[in-house]
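Structure assessment
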Amino acid sequence: MRKKTKILHKIGFSLLIIAVLMGCSTSRNNFPNRAFHNVTCKYNVYWNGNQAMKEAEKAYAKLSKDNYTATLPIYNYPDKSELGPCLSHLDRTIEKSSKAIHKHSMMIKGKEYVKTIDDAYFLMAKSYFYKQDYVQAQRVLNYIVHTYPKSNIRNEAEVLLSRTQMRQGYYSSADELLETIRYMNEKKNKKKFAVLFNAAKAEYHLTAPDGDVQEAIDYIGNALDNKPKKEFRTRLQLILGELYENLGQQAEAQKNFKQVIKKSDNYEMTFCAQMHLAANYDGTESNRNAITKQLNKMLDDKKNENYRDQIYYALSEIARIDEDENLRIDYLAKSVAASTENNYQKTYSCIALADLYFEDNEYREAQHYYDTAMMSIPKNYPNYEEIQKKTNVLKDLVNKLDEIDLKDSLLRIANLPEAQRNAWVRKMISDYTEAERKAAAEEAERMLAMQNAASYTNINNQNNSNGKWYFYNQSLVTAGQQDFYRRFGNRKLEDNWFISNKTQISFDDMALMNDPSLAKDSVEYDEDGNPIATRETDPTKEAYYLQDLPLTPGAKDTANAIIAKDLYETGFMYQDLLGDTKRACASFESLIQRYPQSEYTLPAIFMLYTLYRGSNDAKAETYKNLILTKYPDTDYAKLIQDPEYYNKLAAKEKVLETQYSQVYEDFTNKRWRNVVTTADEAIPNCTDVTLKSQYAYLRAVAAGQVYNQDTLIVGLTKIVTQYSQYPVAELARIYLTNFTPEQIQRSLGIEHQENKEEILQEVIQSNTPKKESIFEFNPEDQHYVVVLVKTAEMPLQTAKQELTNFNNTYFSLKKLTVSSFLLDNKRQMITLSKFNNKDDAMDYYQILVNDEAFQPSIDSGIIEVYAMSANNYTSFYNKRDSRADYPDFFKDNYLKKQ
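Rules used throughout
Residues numbered from 1 in each chain as written. Predicted model: local features only at pLDDT ≥ 70, side-chain atom pairs only at ≥ 80, totals over all residues. Heavy atoms only, no water. Helix = DSSP H or I, 4+ residues; strand = E, 2+ residues; numbered from the N terminus. Buried < 20%, exposed > 50% of the residue type's maximum accessible area, 1.4 Å probe, protein only. Contact = heavy atoms within 4.5 Å. Areas by Shrake-Rupley, 256 points an atom, 1.4 Å probe, with all protein chains shown as cover. Core = buried A, V, L, I, M, F, W, Y, C linked by side-chain atoms within 4.5 Å. Pairing = 2+ DSSP bridges. Axes fitted to C-alpha atoms, helices over the stretch in contact; angles between N-to-C directions. Polar contact = N/O pair within 3.5 Å; in protein donor to acceptor, adjacent residues only side chain to side chain. Patch = residues over 30% accessible without salt bridge, like charges linked within 9 Å, V, L, I, M, F, W, Y side chains within 5 Å. Salt bridge = Lys/Arg side-chain N within 4 Å of Asp/Glu carboxyl O. Lys, Arg positive; Asp, Glu negative; His and termini not counted. Charge placed at Lys NZ, Arg CZ, Asp CG, Glu CD. Expected span 1.5 Å × (residues − 1). Phe/Tyr/Trp six-rings, centres within 6.5 Å; stacked < 30°, edge-to-face > 60°. Parallel < 35°, antiparallel > 145°, perpendicular 65-115°, else oblique. Left-handed = near helix turned anticlockwise from the far one by under 90°. Nonpolar A, V, L, I, M, F, W, Y, C, P; charged D, E, K, R; others polar. Arc of directions from axis to C-beta. pLDDT = per-residue confidence, 0-100.

1. Points about the overall build of the protein chain
When helices and strands are counted, the protein chain shows 39 helices and six strands. Per-residue burial for the protein chain yields a buried fraction of 41% across its 898 residues. In the protein chain, of all internal contacts separated by at least 6 residues, the share reaching a separation of at least 24 is 61%. Counting only carbon and sulfur atoms, one obtains 49% of the accessible surface of the protein chain, whose full area is about 52200 Å².

2. With respect to the nonpolar core
By size, the foremost hydrophobic cluster in this structure holds 117 residues, and its most contacted members are Ile 74, Ile 220, Leu 238, Val 787, Tyr 844 and Tyr 886. For this core, the element with the most residues is helix 4 (residues 117–130), which contributes ten residues.

3. Topic: the sheet that holds strand 4 (residues 817–822)
With antiparallel pairing, four strands are arranged side by side in an open sheet as 4-5-3-6. Looking along the sheet, the strands with just one partner apiece sit at the ends: strand 4 and strand 6 (863–869). The average undirected angle you get between the axes of adjacent strands in this sheet is 25°.

4. Structural notes on the side chain of Ser 264
Note that Ser 264 resides in the loop between helix 11 (250–263) and helix 12 (267–279). Its relative accessible area of 12% is what places Ser 264 among the buried residues. Of the polar contacts made by the side chain of Ser 264, one reaches the backbone nitrogen of Asn 266; its length is 3.1 Å. Once residues lying within four places of it in the same chain are set aside, the contact partners of Ser 264 are Thr 234, Met 269 and Thr 270.

5. Overview of unusual backbone geometry
Cis geometry is adopted by the peptide bond preceding Lys 834, which originates at Ser 833 and carries an omega value of -5°. Checked against the element boundaries, Lys 834 lands in strand 5 (residues 827–835). Of note, Glu 323 is a non-glycine position whose phi angle comes to about 60°, a positive value. Here Glu 323 lies in the loop between helix 14 (308–321) and helix 15 (325–338).

6. Let's talk about a negative patch on the surface
A cluster of acidic side chains, namely Asp 324, Glu 325, Glu 359, Asp 360, Glu 362 and Glu 365, defines a negative patch on the protein surface. We classify Glu 325 as partly exposed; its relative accessible area is 34%.

7. Regarding helix 30 (residues 689–706)
For helix 30, with 18 residues, the first-to-last C-alpha span of 25 Å sits near the 26 Å given by 1.5 Å per residue. Looking only at helix 30, the buried set comprises Leu 691, Ser 693, Tyr 695, Ala 696, Tyr 697, Leu 698, Ala 700, Val 701, Ala 702, Ala 703, Gly 704 and Val 706.

8. Things to note about the packing of aromatic side chains
This model, assessed by the stated rule, comprises 44 aromatic pairs. With 4.8 Å between their ring centres and 45° between their planes, Tyr 121 and Tyr 143 make a pair best called tilted. Highlighted residues: Tyr 121 in helix 4 and Tyr 143 in helix 5 (residues 134–147), separated in sequence by 22 residues. On the basis of relative accessible area, Tyr 121 is assigned to the buried category, the value being 15%. Judged by its relative accessible area of 35%, Tyr 143 falls in the partly exposed class.

9. Let's talk about the environment of Ala 52
With respect to the helices, strands and loops of the structure, Ala 52 is situated in helix 2 (residues 31–63). For Ala 52, the residues in contact, after removing those within four places along its chain, are His 89, Arg 92 and Thr 93.

10. With respect to the pattern of salt bridges
In the structure shown here, the tally under the stated rule is 27 salt bridges. The partner of Lys 131 in a salt bridge is Asp 91, and the shortest N-O contact between them spans 2.7 Å. With Lys 131 in the loop between helix 4 and helix 5 and Asp 91 in helix 3 (residues 84–104), the pair connects residues that are 40 residues apart, well separated along the chain. When its relative accessible area of 1% is taken as the criterion, Asp 91 is described as buried. In this structure, Lys 427 and Asp 431 form a salt bridge, with 2.9 Å as the shortest nitrogen-oxygen distance.

11. Here's the deal with the packing of helix 30 against helix 31 (residues 709–722)
In contact at an axis separation of 7 Å, helix 30 and helix 31 are set at 165° when each is read in the N-to-C sense. Classed by the angle they form, the pair helix 30 and helix 31 counts as roughly antiparallel. Here helix 30 and helix 31 pass one another in a crossing that is left-handed. From helix 30, Ala 696, Tyr 697, Ala 700, Val 701, Ala 703 and Gly 704 reach across to helix 31, where they touch Thr 711, Leu 712, Gly 715, Leu 716 and Ile 719. A breakdown of the residues in the contact of helix 30 with helix 31 according to their chemical character gives eight nonpolar, three polar and no charged.

12. Some thoughts on the side chain of Asp 666
Along the chain, Asp 666 turns up in helix 28 (residues 645–668). Its relative accessible area of 6% is what places Asp 666 among the buried residues. In this structure, Asp 666 is in contact with Arg 671, Asn 674 and Val 675, ignoring residues within four places of it in sequence.

13. Description of the packing of helix 17 (residues 363–374) against helix 18 (residues 384–414)
Following both chains from N to C, one finds helix 17 and helix 18 inclined at 130°, their axes separated by 8 Å at the closest point. When the axis of helix 17 is compared with that of helix 18, the two are oblique. The handedness of the crossing between helix 17 and helix 18 comes out as left-handed. Side by side, helix 17 and helix 18 meet where Tyr 363, Arg 364, Ala 366, Gln 367, Tyr 370, Asp 371 and Met 374 of the first sit next to Tyr 384, Ile 387, Gln 388, Lys 390, Thr 391, Leu 394, Lys 395, Leu 397, Val 398, Leu 401, Asp 402 and Asp 405 of the second. Among the residues making up the contact of helix 17 with helix 18, the classes are represented as ten nonpolar, three polar and six charged.

14. Here's the deal with helix 32 (residues 727–736)
Val 728, Ala 729, Ala 732, Arg 733 and Leu 736 are the residues of helix 32 that are buried. The arc that holds every buried residue of helix 32, seen down its axis, measures 145°, which confines them to one face.

15. Quick notes on the environment of Asn 246
Examined against the element boundaries, Asn 246 turns out to sit in helix 10 (residues 230–246). Its relative accessible area of 52% is what places Asn 246 among the exposed residues. Spatially, the C-alpha atom of Asn 246 lies 9.1 Å from that of Thr 71, the residues being 175 residues apart in sequence. A distance of 3.2 Å separates the side chain of Asn 246 from the side chain of Thr 71, its partner in a polar contact.

16. Describing the environment of Val 213
Looking at where Val 213 falls in the secondary structure, it is placed in helix 9 (residues 213–225). A sequence separation of 33 residues divides Val 213 from Asn 246, and the C-alpha atoms of the two residues are 9.6 Å apart. If sequence neighbours within four positions are ignored, Val 213 has contacts with Leu 243 and Leu 247.

17. Observations concerning the confidence of the model for the protein chain
The predicted model of the protein chain has a mean per-residue pLDDT of 80, with 82% of residues at 70 or higher. Low pLDDT, under 50, characterises residues 498–513; the stretch is placed with 13 contacts to residues that sit more than four places away or in other chains.

18. Here's the deal with the pairing of strand 3 (residues 783–790)
For strand 3, a buried count of seven out of eight residues is recorded, marking the element as mostly surrounded by other parts of the structure. Bridge count for strand 3 against strand 5 is seven bridges, and the pairing is antiparallel. Along strand 5, the bridge assignment pairs His 783 with Phe 835. Here seven bridges tie strand 3 to strand 6, and the two strands are oriented antiparallel to one another. Residue pairing across strands places Leu 788 opposite Glu 864, the latter belonging to strand 6.

So this is what it looks like as structure tokens:
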């Protein structure tokens, strides 16, 4: 045996010497070269890459947190911005794979003589796939398929290629490829490949627009028949149960859920299966009682403390099947309240509860839960945009309703006789003082109980000390806690916890205490220089309750005007945005009853006429007659009498537009009197203000030519003041620059003696044109990532070192350079270069700003991070005055589009 080993060692050593002498060439096809490169590649470079892939897959699995409130996907894909922890491993895998291919591949006359090269390519493709760089992954996979047609990993590469195409939305290409390799699946009958193939087909049918759920179920069943690994098997069984549940096949669903409970080692997955079993009960009393008993038992189990939100949701599903809406609402509310860390479940429960309230037209409650849901809802949540829109509508509505309630309450108190109002104020102060006294008494009782407990614990501690280390001796620890509470009370764990009054006194404050004359004027002033009254913040002072009351006639008129406007707008919200005609009518009717002289009363009456006519309600005739008798000359009355009224107005407007073309032709040909005459006829009939302003401008210039300079200046001034929001105002201002201020003032003095200074100021002070951004959005240009650092709060070298460490950890393959220079007297600018385009730079940006090492500094404003194209980078550096514009430019063109 020893003799044989020695012979092998000699042969191996001889081969090594020969290989070294021959230079280990990859272009010479001989035994020593093949042996050297096969062994070195497999057991050195490829092995290291494979180990890095294993580490990457472990990190990837931790990132892939499943949402158990929805049907699980076949494979979980984390958000690209969350991939930071596994990027360094994936980059190392790519580096080792590339090295294996570059140094050891022996592709001679179309044949590869190193057996692990195709595996190295596949390892590289998987790395790109996990990095979600699907374009690169597809490129490598296509190369494997076409270059290594007889490779043992070709079919696995084709399956991964189909998944890559699905991730890019190329579903037809993915399905075509899977159908092509179906034959290989049937022919080879290899279990591993069969699992991958059937799982990919199932993924296609669950994600493609033309996917078929029943087909997905069949493919999942085929995958399970080939005995996948335990973790993947239980995942597929849970998905299968959820799909059967969605199709209403409860027996099959329960069968799969029970298998998950029996075989899964994942507590969350097991718990999810239990919740599905509870939601699939058949409605019988005995079954309900058994499931409810089991769920209540789970509620009492401390192990399920973080899962109580899901248990309450399961109980709400039982109530849903029993059609007990009140009980369902109660359980959903408890589910939301019990939520600790599962944002998906919190979102799901909130939206279910909000939908119930919305269907019952309980908009305040619905808005509360929609708003709560929006705080935790992921953007890929089903119907995200619809939920967001509904939330915004309800938020606006509830704000209006709250404002109406507040103004009504303030008016009610303000309208009380002074003696009653003062009594109300004293009662509010008394109630507040009593509440504070009760809170103080309860705190004193709690502290006394703690002191008593501390005394009792100290006695026991003296009798039971057993020589254990302090933190291992529970009685000592308890005694220490009680003593702490006795001395300090229940303090929050935070900086300076031992200071009961956290109000910080600066050196300036101390100086003011010694010399009050140093105090600066703390009074704030409005735009006109008038002092703004300081608001009272002490609830024990009468002014605290009186300061918002509308006590003057003007304040009351303002409050009533706000209520009228809000009633009018809520009426439209109910009708147009929520489709609640009943409440819309109630809002409009409240408006016309409370404020018959309001500017909104007539349009509200017309809306009531329209809404009641639409439902064939007799009230429509009442409101119609009210408009015709009380407002006979209005457009509303004319529209009721002639439904074609607005069409006729539009036709008249069309005539005026055609006539304007003729007037403009007269204007360009200097037929000034024709312009003045035609404009004087057209202006009174114009309902389109833009067209009216254009007529007025031509008439002002023409009149100036017909009469004199004073007429021209006065006409142009009217354009500026009456049509300040329209383009002609700017034309008029430009024209007026031909005259001196004295000429303008003299001309205006003819017709505007009292306010000529004010009008002069308005006329000669042209609108400042909007500053055009010097930055341009060129997403395909080369990019940089820029980090601005406040060096007073973070040393430059610290920032550069942290960025270098970050690059080495997550982007080692990019070989990024880090440079810096002084931006201003407070900030240094660190530049990371270079990136191929905007997407490349934003991938880096997203990982950086989500990294735990940088988040605190970004949130506190110590550092700012931006992506910049090469041209904008130059402009940012050279144009000091425009640097402040870049954050908004970046937000509009990078973050919003991202």
